[in-house]
Amino acid sequence: MDRVGYPSGVDEQSPIIDLFSDTYFMGQALREARKAFAAGEVPVGAVVVRDGKIISRAWNQVEMLRDGTAHAEMLALTSAEQAVGDRRLDGCTLYVTKEPCIMCAGAIILCRPQRVVFGCPDPKAGAVGGWINVLDIGPPLNHRCEIASGILADESLHLLQTFFRAARDRVKANRLTGAAEDEEI
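Treat the numbers as computed from the prediction; the structure is a model and nothing was measured.

Cut-offs used in this document
- Residues numbered from 1 in each chain as written.
- Predicted model: local features only at pLDDT ≥ 70, side-chain atom pairs only at ≥ 80, totals over all residues.
- Heavy atoms only, no water.
- Helix = DSSP H or I, 4+ residues; strand = E, 2+ residues; numbered from the N terminus.
- Buried < 20%, exposed > 50% of the residue type's maximum accessible area, 1.4 Å probe, protein only.
- Contact = heavy atoms within 4.5 Å.
- Areas by Shrake-Rupley, 256 points an atom, 1.4 Å probe, with all protein chains shown as cover.
- pLDDT = per-residue confidence, 0-100.
- Pairing = 2+ DSSP bridges.
- Right-handed = clockwise from strand over helix to strand, strands pointing away.
- Axes fitted to C-alpha atoms, helices over the stretch in contact; angles between N-to-C directions.

Q: For this particular structure, what's the right way to read the overall build of the protein?
A: The helix and strand tally for the protein stands at five helices and five strands. Secondary structure elements of the protein, listed N to C terminal, follow the sequence α-β-β-α-α-β-α-β-β-α. Scored against the burial criterion, the 185 residues of the protein give a buried share of 38%. In the protein, of all internal contacts separated by at least 6 residues, the share reaching a separation of at least 24 is 54%. On the protein, roughly 10,700 Å² of surface is accessible, and the fraction owed to carbon and sulfur atoms is 53%.

Q: Is there a simple way to think about the confidence of the model for the protein in this case?
A: Low pLDDT marks regions whose predicted coordinates should not be analysed in detail. Confidence in the prediction of the protein, expressed as mean pLDDT, is 88, and 86% of residues score 70 or more. Below pLDDT 50 for its whole length, residues 1–10 participates in 10 contacts with residues either more than four positions away or in separate chains.

Q: Where do I start with the environment of V47 in this structure?
A: Its place among the elements puts V47 in strand β1 (residues 45–50). On the basis of relative accessibility, which here comes to 0%, the residue V47 falls in the buried class. Measuring from C-alpha to C-alpha, the distance between V47 and A58 comes to 6.4 Å, with 11 residues separating the pair along the chain. Discounting residues that sit within four places of it in the chain, V47 has contacts with F25, Q28, A29, E32, I54, S56, R57, T93, L94 and Y95.

Q: I tried to follow the pairing of strand β3 (residues 92–98) on my own but got confused; where do I start?
A: Each regular strand carries side chains that alternate between the two faces of the sheet. Judged by how many residues are buried, β3 sits mostly within the fold: seven of seven residues are covered. When β1 meets β3, the two strands line up antiparallel, connected through five bridges. Residue pairing for β3: V49 is matched across the bridge by T93. Both β3 and strand β4 (residues 115–120) contribute to a ladder of five bridges, which runs parallel. Within the sheet, the bridge partner assigned to L94 lies in β4 and is V116. Crossover β3 to β4 through helix α4 (residues 102–111) is right-handed.

Q: How do you make sense of the sheet that holds strand β5 (residues 146–149) when you look at a structure like this?
A: The pairing of strands in a sheet comes from backbone hydrogen bonds and takes either a parallel or an antiparallel form. Spatially, the five strands line up as an open sheet ordered β2-β1-β3-β4-β5, and their pairing is mixed. What marks the edges here is a single partner per strand, and that holds for β2 (53–59) and β5. Pairwise comparison of adjacent strand axes, ignoring direction, gives a mean angle of 15 degrees for this sheet. Sitting on the sheet, helix α1 (residues 22–38) touches β1, β2, β3 and β4, and the angle it makes with β1 is about 145 degrees. Where helix α3 (residues 72–84) meets the sheet, its contacts fall on β1, β2 and β3, and the angle it forms with β2 comes to roughly 145 degrees.

Encoded structure:
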């Protein structure tokens with residue numbers, strides 16, 4: 001029987017859902033970002049994958065933990081290190097919905113995952129190609145990661161834009177009503 005090919009690259013014998021694709025795992029990171037959104041945190045989510053399995057999940061918890069370093073990437077990397085029993089995340093891929101900042105890029109270098117896959121870029125503060133590319137500085141750094149970007153970027157960006165639009169609207173409403181402003185946008 002001849003195989004039927006489609007423009008998308010899918011054919012009759014391919015699985016309908018590829019559970020090992022970057023899109024699937026980024027979708028899992030987006031699930032984490034939605035948890036952050038629901039908790040009033042900047043909606044960024046991350047997962048770390050090894051051998052086709054998610055070994056850690058995290059979402060931004062900066063406000064909840066009152067910790068400026070509690071970014072989704074940092075929490076996911078720390079949890080992954082505990083899961084593998086080593087600070088080196090050889091053979092792992094970090095999926096994160098927004099391009100990592102310079103702090104998170106530094107942690108990525110120290111943890112040494114094989115790949116970093118992110119959704120939407122951050123041209124103002126991104127440190128994996130947006131504002132700067134810390135992961136590709138070269139010597140004296142002795143670890144480089146493969147980088148893939150733009151995976152479910154529109155969904156990731158939409159979630160962030162929705163969050164910040166609502167936050168700005170709250171600040172404007174507080175100004176009009178004279179309510180106390182305890183948020184910075």
